[in-house]
Amino acid sequence: MPVDWIWGLVGGLMIGTAAAVFLLGTGRIMGASGIVGGLIDGSGTDKSTTIAFLVGLVGMPTLMTLGGWQVSTNATPVPWLLIAGGLCVGIGTRFANGCTSGHGVCGMSRLSVRGFAATIAYIGAGAVTVTLLRVGMGL
């Protein structure tokens, strides 16, 4: 039996733990799009915490790679598709007032109706998008 699912479980536990530590340490919800957006548009209240969060977000995979761990994102090698996907995610997080970490991890763990609704919407939209791209465009 393949054990790749264990890495998803470990990653989920790490994200959940990070969200709890961030909430307990700062009193703020760990929503990555809100944190990045606050840094970009200047609405973030604590720039040092924001920068530390982003350094950790980018730095940990880099350290793992340098340490010999194989880090695989399974992202497509098609540049225009990565750019289009990034733009869609960025625009979608602004429309939804948050992202998967804010709504899915933090919102659902607080039993937020808005968190559940947003999570169902973006998981559904993702499934439809993948289906259309695979069937319609052969990707």
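As shown above, the structure is provided for reference.
This section reports on the structure supplied with the text.

The rules behind these values
Residues numbered from 1 in each chain as written. Predicted model: local features only at pLDDT ≥ 70, side-chain atom pairs only at ≥ 80, totals over all residues. Heavy atoms only, no water. Helix = DSSP H or I, 4+ residues; strand = E, 2+ residues; numbered from the N terminus. Buried < 20%, exposed > 50% of the residue type's maximum accessible area, 1.4 Å probe, protein only. Contact = heavy atoms within 4.5 Å. Areas by Shrake-Rupley, 256 points an atom, 1.4 Å probe, with all protein chains shown as cover.

Turning to the overall build of the protein chain, a few remarks are in order. If you tally the helices and strands in the protein chain, you get six helices and zero strands. Listed N to C, the secondary structure of the protein chain is α-α-α-α-α-α in terms of helices and strands. Counting only C-alpha atoms and orienting by the principal axes, one finds that the protein chain spans roughly 45 × 40 × 30 Å. The proportion of buried residues among the 139 residues of the protein chain is 18%. Counted over contacts in the protein chain with a minimum sequence separation of 6, partners at least 24 positions apart contribute 35%. Put simply, the protein chain shows about 9,900 Å² of open surface, and 74% of that area lies on carbon and sulfur atoms.

Next up on the list: the environment of His 103. Structurally, His 103 can be placed in helix α5 (residues 100-109). With 42 residues separating them in the primary sequence, His 103 and Pro 61 have C-alpha atoms 23 Å apart. Setting aside anything within four residues of it in sequence, one finds His 103 in contact with Ala 96, Asn 97, Gly 98, Met 108, Arg 114, Gly 115, Ala 118, Thr 119 and Tyr 122.

Moving on to the environment of Val 105. Mapped onto the elements of the fold, Val 105 is located in helix α5. Taking relative accessible area as the criterion, Val 105 reaches 28% and is therefore assigned partly exposed. Through-space distance from the C-alpha of Val 105 to that of Leu 87 is 22 Å; in sequence the pair is 18 residues apart. Setting aside anything within four residues of it in sequence, one finds Val 105 in contact with Ile 15, Gly 16, Ala 19 and Thr 100.

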